[in-house]
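Structural overview for review
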Number of protein chains: 2
Amino acid sequence: MIATVMDTTTMSGRDVRMASRTGEFAQPTSGAAPDIVQTNVAILPRDLAFDFLVFCQRNPKPCPVIEVLEAGQTEAVLSARDSDIRSDVPMYRVYRYGELVEEPNDISEIWRADLVTFLLGCSFTFEHALIRNGVHLPYYGTDKNVAMYKTSIETAPAGPFGGPMVVTHRWVPREKVVRAVQATSRFPAVHGAPVHIGDPI
Amino acid sequence: MIATVMDTTTMSGRDVRMASRTGEFAQPTSGAAPDIVQTNVAILPRDLAFDFLVFCQRNPKPCPVIEVLEAGQTEAVLSARDSDIRSDVPMYRVYRYGELVEEPNDISEIWRADLVTFLLGCSFTFEHALIRNGVHLPYYGTDKNVAMYKTSIETAPAGPFGGPMVVTHRWVPREKVVRAVQATSRFPAVHGAPVHIGDPI
């Protein structure tokens with residue numbers, strides 16, 4: 001099936017997951033399922049899972065943990081009943097030894113019993129609040145993605161995990177900055193308040 | 001050295017750790033080092049560490065993680081510089097296969113390279129705020145401990161970890177209840193606001 005650009009702003013979280021499962025939906029999820037918490041997904045072998053969870057604990061701003069699935073578990077029991085992590089993400093990036101090798105929309109065939117899934121809060125969650133406060137986000141509800149940058153801010157390392165913090169970037173008119181800070185600060189579990197405001201140099 | 005009852009309310013966190021290290025101090029830490037975050041300490045073999053950290057993540061109210069030390073690491077680098085987790089706790093309980101086998105005040109001799117230390121926020125941290133707000137805590141700054149109970153509230157299990165939530169219990173006069181809730185709610189990382197107020201039946 002060829003994925004088409006969909007208006008997901010009227011869909012529920014379950015709708016988006018089901019459309020991702022069938023392959024009908026394969027675009028970034030900005031704008032999708034307003035008022036539902038969105039998460040980033042990281043899936044790692046169990047051998048690395050403890051160090052990664054410690055990394056998240058030490059870096060709650062970039063890596064706020066919403067749910068950790070047990071090794072081999074495919075349903076996010078606490079956050080998304082009847083979900084299947086092998087198919088319900090619009091698209092996956094598969095890394096082997098640090099190299100991107102594949103971008104499938106289903107990972108059932110490479111799933112393993114020792115894989116541990118981490119759901120980390122995603123800033124798309126608070127974009128609806130920005131929109132309602134009059135901040136324009138040109139990619140919202142389209143097949144485009146938000147701008148992302150590597151910063152010069154180092155994360156606190158844990159085991160093999162570390163490196164610079166990555167941030168999303170939104171243009172906010174000067175007169176909307178205070179309101180944007182107010183609105184996003186209410187969402188600490190999904191990247192909440194800005195890391196930086198103004199000229200990033 | 002025989003430990004004596006000490007007034008720790010004028011000591012710093014470092015003072016308390018050093019007195020614990022020498023064996024001079026071996027009592028509960030209620031009242032100690034006001035305005036410093038106190039933590040509970042859990043030390044587990046690395047094999048169990050991931051499941052325990054997931055358990056904490058699923059139960060942030062009873063198990064708020066302040067710091068996780070890497071396997072074998074004995075200094076709490078982020079929270080307590082120059083500390084040594086093998087000696088700086090006033091007293092330890094050593095469990096083998098679920099059974100309490102020893103209560104030493106130093107665990108250097110049984111320390112292992114695969115042991116992972118978890119520092120979990122402790123409600124003793126907010127007792128100074130209660131005292132300043134006129135709530136009397138009879139054990140505060142003495143060699144007695146706060147009352148603790150197993151509740152009928154189940155925790156969210158993770159791997160082999162689970163069971164009923166344990167709470168501390170403080171008597172607060174009716175006219176101080178609102179103030180006590182206000183004062184403790186500011187400390188979500190150390191058991192913060194009450195789990196229950198009133199008759200526990």
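Remember, predicted model here, so these are calculated numbers, not experimental data. (Residues numbered from 1 in each chain as written. Chains lettered and ligands numbered in written order. Predicted model: local features only at pLDDT ≥ 70, side-chain atom pairs only at ≥ 80, totals over all residues. Heavy atoms only, no water.)

**Digging into the side chain of B:His128**
Tracing the chain through its elements places B:His128 in helix 3 (residues 127-132). Ignoring sequence-local partners within four residues, the contact set of B:His128 consists of B:Gly31, B:Ala32, B:Ala33, B:Pro34, B:Asp35 and B:Tyr140. (Helix = DSSP H or I, 4+ residues; strand = E, 2+ residues; numbered from the N terminus. Contact = heavy atoms within 4.5 Å.)

**Observations regarding the packing of aromatic side chains**
For the coordinates displayed, the defined rule picks out twelve aromatic pairs over all chains. Their ring planes at 65° and their centres at 5.2 Å tell us that A:Phe52 and A:Phe161 sit as a pair that is edge-to-face. One end of the pair, A:Phe52, is in helix 2 (residues 46-58); the other, A:Phe161, is in the loop between strand 6 (147-154) and strand 7 (164-169), and 109 residues separate them in sequence. Both residues of the pair, A:Phe52 and A:Phe161, belong to the buried class. Three or more aromatic residues link up through ring pairs in this structure, and these residues are A:Phe50, B:Phe52, B:Phe55, B:Phe118 and B:Phe161. (Phe/Tyr/Trp six-rings, centres within 6.5 Å; stacked < 30°, edge-to-face > 60°. Buried < 20%, exposed > 50% of the residue type's maximum accessible area, 1.4 Å probe, protein only.)

**With respect to the domain arrangement of chain A**
Residue and element names in this part refer to chain A. You can read the domains of chain A as domain 1 (35-124) and domain 2 (125-190). Sorting the residues of domain 1 by area buried against domain 2 places Phe55, Ser123 and Phe124 first, and these three jointly supply 40% of that buried surface. One salt bridge in this structure joins Asp35 and Arg132, with 3.2 Å as the shortest N-O distance. It is helix 2 that provides the largest number of residues to the side of domain 1 that touches domain 2, a total of six residues. Taken together, the residues of the side of domain 1 that touches domain 2 sort by class into twelve nonpolar, four polar and three charged. (Domains from an automatic or database assignment. Buried area = accessible area lost by both parts, 1.4 Å probe. Salt bridge = Lys/Arg side-chain N within 4 Å of Asp/Glu carboxyl O. Nonpolar A, V, L, I, M, F, W, Y, C, P; charged D, E, K, R; others polar.)

**Looking at the pairing of strand 5 (residues 115-121) of chain B**
Residue and element names in this part refer to chain B. Counting buried positions along strand 5 yields seven of seven residues, so the element is predominantly enclosed. By the alternation rule, side chains of strand 5 split into Leu115, Thr117, Leu119 and Gly121 and Val116, Phe118 and Leu120, which are all buried. Pairing of strand 1 (residues 39-45) with strand 5, which is carried by seven bridges, proceeds in the antiparallel orientation. When the bridges of strand 5 are listed, Leu44 appears paired with Val116. As paired strands, strand 2 (residues 65-68) and strand 5 are joined by three bridges and run antiparallel to one another. Each bridged residue has a counterpart across the sheet, and for Val68 the counterpart in strand 5 is Phe118. (Pairing = 2+ DSSP bridges.)

**A word on the interface of chain B and chain A**
Taken residue by residue, the interface counts 20 residues in chain B and 20 residues in chain A. Summing both partners gives a buried area of about 1600 Å² for chain B against chain A, and 53% of it is carried by carbon and sulfur. On inspection of chain B and its partner chain A, the count reaches four salt bridges. For B:Asp51, the salt bridge is made with A:Arg46, and the minimal N-O distance between the two is 3.4 Å. Where chain B touches chain A, the interface holds twelve residue pairs in polar contact (both at pLDDT 80 or more). Grouping the amino acids of the side of chain B that touches chain A by side-chain chemistry returns 13 nonpolar, two polar and five charged. (Polar contact = N/O pair within 3.5 Å; in protein donor to acceptor, adjacent residues only side chain to side chain.)

**Brief notes about the relation of the copies chain B and chain A**
Here the second copy of the chain follows from the first by a rotation about an axis and a shift along it. When chain B is fitted to chain A, the residual RMSD is 0.0 Å, and the transformation amounts to a turn of 180° plus an axial shift of 0.0 Å. Expressed as a symmetry operation, the mapping of one chain copy onto the other fits a two-fold axis. Taking C-alpha positions as reference, the residue of chain B nearest the rotation axis is B:Phe50, located at 2.3 Å. The share of interface residues of chain B whose copies in chain A are also at the interface is 100%, consistent with both copies meeting through the same surface. (Least-squares fit on C-alpha atoms with pLDDT ≥ 70 in both.)

**Focus on the nonpolar core**
Nonpolar side chains tend toward joint burial in soluble globular proteins. One finds A:Phe50, A:Phe52, A:Phe118, B:Phe50, B:Phe52 and B:Phe118 to be the most contacted residues of the largest nonpolar core, which totals 32 residues. Those elements that place two or more of their residues in this core are strand 1 (39-45), helix 2 and strand 5 (115-121) of chain A together with strand 1, helix 2 (46-58) and strand 5 of chain B. When near neighbours in sequence (up to four residues on either side) are disregarded, A:Phe50 contacts B:Arg46, B:Ala49, B:Phe50, B:Leu53, B:Val68, B:Val116 and B:Phe118. (Core = buried A, V, L, I, M, F, W, Y, C linked by side-chain atoms within 4.5 Å.)

**Here we look at helix 4 (residues 177-185) of chain A**
Residue and element names in this part refer to chain A. Three or more residues of helix 4 are buried, namely Ala180, Ala183 and Thr184. Projected down its long axis, helix 4 carries its buried residues within an arc of 90°, all on one side. As for helix 4, its buried residues are in contact with helix 3 (127-132). (Arc of directions from axis to C-beta.)

**Quick look at the packing of helix 2 of chain A against helix 2 of chain B**
Packing of helix 2 of chain A against helix 2 of chain B leaves a shortest axis separation of 9 Å and a crossing angle of 55°. Considering the angle they form, helix 2 of chain A stands oblique to helix 2 of chain B. When the axes of helix 2 of chain A and helix 2 of chain B are compared, the crossing they make is left-handed. Of the residues in helix 2 of chain B, those touching helix 2 of chain A at A:Arg46, A:Ala49, A:Phe50, A:Asp51, A:Leu53 and A:Val54 are B:Arg46, B:Ala49, B:Phe50, B:Asp51, B:Leu53 and B:Val54. (Axes fitted to C-alpha atoms, helices over the stretch in contact; angles between N-to-C directions. Parallel < 35°, antiparallel > 145°, perpendicular 65-115°, else oblique. Left-handed = near helix turned anticlockwise from the far one by under 90°.)

**Details of the environment of A:Pro104**
With respect to the secondary-structure elements, A:Pro104 resides in the loop between strand 4 (99-102) and strand 5. Dropping the residues within four chain positions of it, A:Pro104 is found in contact with A:Met91, A:Tyr92 and A:Val94.

**Describing the sheet that holds strand 1 of chain A**
On the basis of which strands lie adjacent, the open sheet formed by three strands has the order 1-5-2 (chain A) and antiparallel pairing. The open sheet has two edge strands, strand 1 and strand 2 (65-68) of chain A, and neither has a second partner. Averaged over all pairs of adjacent strands, the angle between strand axes in this sheet comes to 20°, irrespective of strand direction. On the sheet, helix 2 of chain B packs against strand 2 and strand 5 of chain A and is oriented at approximately 130° with respect to strand 2 of chain A.

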